[in-house]
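Listed below are the residues making up each chain.
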Amino acid sequence: MQAKRAEVAETTRSAHDAALTSFAATLPHHFARPELLVEALTHRSSADPNRQQLDSNERLEFLGDRVLALIMAEWLAERFPQEREGALGKRLGALVSAETLGRVAERMGLGAALRVPPGEQRAGVMARQSVVADALEALLGALYVDGGLDAARALIRREWESLLEVSSRPPSSPKSRLQEWTLGRALGLPDYVLVSTSGPPHAPVFLVRAVAAGREAEATGDNKRAAEQAAAEQLLQVLGAA
């Protein structure tokens, strides 16, 4: 039995190494310190508990979040020189949102290169939008540490270019649209209530209820913010304001 477990572990490790090598070849930067890429793509469920998860991607994710915001703000100011701060802020919020990060990561095939235990693979953790979104931020953090802003900028400009050009008008999130709809009718601000949280700590599911204009709608998300946005979208549909 022990030999069988070792064989499975070795097979899993080999498959991940191959996926990581394949993914690394798609990046516009060659890592001088490849261990940074490994760290960026190590989900906390695979971290060594004796190191209190310091070998997971959470620290690089923290850094990458700031790197993305800086480079995106720089790019937006360059691309839309006539827009005021409010409009630029709306664009920035949409482009760095967890939903956008998740879609970009999925398009890049990042999930296949994530290091997660076999059990979590079977549970579908690698396909969760919030997980790949966090890993993409960690990747940006790793690119910054290894190659500076230029390395991170090259990936951001490649992967976000089509999103940046998608609309001439600043986008508006479902929560913003719902708030504008209620305030425009003197109905006050919408309320958001966390109904429940389920799932394991590393893959939670949040259920949120949005309430406005005497109506309500519920939706789930990988994080509270995503659930609120989804609930707002559902409520807009209920109100006929979508």
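Criteria and thresholds
Residues numbered from 1 in each chain as written. Predicted model: local features only at pLDDT ≥ 70, side-chain atom pairs only at ≥ 80, totals over all residues. Heavy atoms only, no water. Core = buried A, V, L, I, M, F, W, Y, C linked by side-chain atoms within 4.5 Å. Buried < 20%, exposed > 50% of the residue type's maximum accessible area, 1.4 Å probe, protein only. Helix = DSSP H or I, 4+ residues; strand = E, 2+ residues; numbered from the N terminus. Contact = heavy atoms within 4.5 Å. Pairing = 2+ DSSP bridges. Axes fitted to C-alpha atoms, helices over the stretch in contact; angles between N-to-C directions.

## Considerations on the nonpolar core
Judged by nonpolar contacts, the single largest core of 42 residues is most densely connected at Leu 41, Met 72, Leu 110, Leu 136, Leu 139 and Trp 160. Looking at this core, the elements that each hand over two or more residues are α1 (2-24), α2 (34-40), α3 (58-79), α4 (85-95), α5 (98-108) and α7 (129-164). The element that contributes the greatest number of residues to this core is α7, accounting for 16 residues. With residues near it in sequence (within four places) discarded, Leu 41 still touches Leu 20, Phe 23, Leu 110, Ala 113, Leu 114, Arg 115 and Ala 135. Counting residues in hydrophobic clusters, the runner-up holds 14 residues, among them Ala 217, Ala 219, Ala 231 and Leu 236.

## Remarks on the environment of Ile 71
Note that Ile 71 resides in helix α3. Spatially, the C-alpha atom of Ile 71 lies 8.2 Å from that of Ala 152, the residues being 81 residues apart in sequence. Filtering out sequence-adjacent residues up to four positions away, Ile 71 remains in contact with Leu 149, Ala 152, Arg 153 and Ile 156.

## Notes on the sheet that holds strand β2 (residues 205-212)
Here we have three strands laid out as an open sheet, ordered β1-β2-β3, and antiparallel in their pairing. Looking at strand neighbours, the two that pair on one side only are β1 (191-198) and β3 (215-221), the edges of this open sheet. Each adjacent strand pair in this sheet contributes to an overall mean axis angle of 20°, direction not counted. Where β1 and β2 come together, seven bridges link them in antiparallel fashion. Looking across to β2, one finds that Thr 197 is bridged to Phe 206.

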